[in-house]
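Descriptive analysis of the structure
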Amino acid sequence: MLLRALSLLILALPVGDACTQCRVDARRTSLCAAHLDEETSTLREERSVMARSSVASERTSALERVARLTSAHTNAPSPNVARFLADGLHDSSLDVRRRALALLVDGQHREETVRGLIDGWRAALRLWKDVDTRLAQLAAEAPKQAATFDLQQVSDTTAYLEALLAALGEVHDERAYRELLNVFKWPLERTPGRFYVAATHAVLAVESRKGVECVLEFALTLESELAAQRVAPRFAAKEGLAASLARPLDNATSAHVEATLEALAHFAERRKLGAPAPKLGSAAQWRTWFKGAKDQLTERMTLLE
Ligand SMILES: [Zn+2]
């Protein structure tokens, strides 16, 4: 158990060195003089790149150089570095945002990582709102808007949102987890089924009674709403290139119910809590399963592996 905990700790740190003089006290990170100097000058230089460069790859390189500062003192990641990277989640380019996200969740200052991630997530939701408006126009067959439908931007935004969902589970923090669970309250008739599946995997990457209950309730609600024909596909019957390209972003179907139950069954297997088959029509068995399993699930979230 101890060995496993240790290996987790090592995995969570970026490749690099610890510094015997950089320190983390109760709530403060203090860098040694050499590393503080290096941080100050690097942040100054790269901040100016971020401000003036209109080339996305130059801004990405600036973020990478800043992220690397931590590898010289992995025992004491600086909050300033995490804040700098978190600012990258508000960049005008989605490529830059995705790179900033990957760098941020890779062993940087914990508190600033969580705060920056939640903030970046909320900014991405505002972006998604625009995409959703365009999808709604497409579903309503407004030909003008359909003609200007920017598929690249839609698929980039989708990929970025899915990366954020995974990160919200990965940081293993109650606040981030709450944001993740909120996804299951999104309207069924206007949320791509794949977002629910991505959120499910992120939720079940940690153990939490509330998380398991939320995913299960969602799967069973979706199943009964589909049976009652209250979740219609948005693009299935629509013609045209844009509609066919938008189809992967369609509303949830019974395949998503099964994918969600499958993720739950896999979770149960890892925890050795024998579960029913991940099939449609097994709601009663799944409810019985949860009743029996819930006392064995931790109330506070715990990292699984
Ligand atoms: Zn140092």
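Notes on the structure in this doc start here. Since we're looking at a predicted model, the values are computed, not measured. Throughout, residues of each chain are indexed from 1 in the direction in which the sequence is written. pLDDT decides what is reported in this predicted model: residues at 70 or higher carry local features, side-chain atom pairs at 80 or more are listed and counted, and totals for whole chains, interfaces and linings draw on all residues regardless.

Considerations on the nonpolar core
The following threshold applies: By convention in this section, buried Ala, Val, Leu, Ile, Met, Phe, Trp, Tyr and Cys residues joined through C-beta atoms within 7 Å make up a nonpolar core. Exposure classes come from backbone-placed C-beta atoms, where a residue is buried if 20 or more other C-beta atoms lie within 10 Å of its own, exposed if 12 or fewer do, and partly exposed in between. Residues are defined as contacting one another if the C-beta atoms placed from their backbone atoms lie within 7 Å.
L85, L104, L164, L168, L180, A199 and V215 are the most contacted members of the largest nonpolar core, which totals 59 residues. Those residues in contact with L85 that sit more than four places away from it in its chain are L63, V66, A67, A100, L103, L104 and Q108. Grouped together as the second largest cluster of nonpolar side chains are 10 residues, V131, F235, A243 and A246 included.

Some points on the packing of helix α11 (residues 209-227) against helix α14 (residues 283-293)
Let me state the cut-off plainly: Where helices are involved, their axes are fitted lines through C-alpha atoms of the stretch in contact, as for all axes, and angles between N-to-C directions lie from 0 to 180°. Helix and strand assignments come from DSSP, with helices taken as H or I runs of at least 4 residues and strands as E runs of at least 2, each series counted from the N terminus. We call two directions roughly parallel when the angle between them is under 35 degrees, roughly antiparallel when it is over 145, roughly perpendicular when it lies between 65 and 115, and oblique otherwise. Here a crossing is taken to be left-handed if its near helix is turned anticlockwise relative to the far helix by less than a right angle, and right-handed if that turn runs clockwise. Three residue categories are used. Nonpolar comprises Ala, Val, Leu, Ile, Met, Phe, Trp, Tyr, Cys and Pro, charged comprises Asp, Glu, Lys and Arg, and polar comprises the others, including Gly.
Contact geometry for α11 and α14: axes closest at 11 Å, N-to-C directions at 165°. Classified by the interaxial angle, the pair formed by α11 and α14 is roughly antiparallel. In this structure, α11 crosses over α14, and the sense of that crossing is left-handed. Seen from α11, the contacting residues are E213, L216, L220 and E223; seen from α14, they are A283, W286 and F290. A breakdown of the residues in the contact of α11 with α14 according to their chemical character gives 5 nonpolar, no polar and 2 charged.

Considering helix α13 (residues 254-270)
Quick note on the threshold: A helix is expected to span 1.5 Å for every residue after the first.
Given a rise of 1.5 Å per residue, 17 residues ought to cover 24 Å, and the 24 Å separating the end C-alpha atoms of α13 matches this to within 8%. Within the span of α13, buried status applies to H256, V257, A259, T260, L261, L264 and F267. Of the surrounding secondary structure, the elements contacted by the buried residues of α13 are α10 (193-203) and α11. Taken from the residues just after α13, K272 is the one with a positive phi, measuring 55°.

Describing the packing of helix α8 (residues 151-170) against helix α9 (residues 174-182)
With their axes 8 Å apart at the nearest point, α8 and α9 run at an angle of 140° to one another. The pairing of α8 with α9 is recorded here as oblique in orientation. Between α8 and α9 lies a crossing whose hand is left-handed. Contact with α8, carried on its side by L165, L168 and G169, involves A176, E179 and L180 of α9 and no other residues of that element. In terms of residue class, the contact of α8 with α9 is made up of 4 nonpolar, 1 polar and 1 charged.

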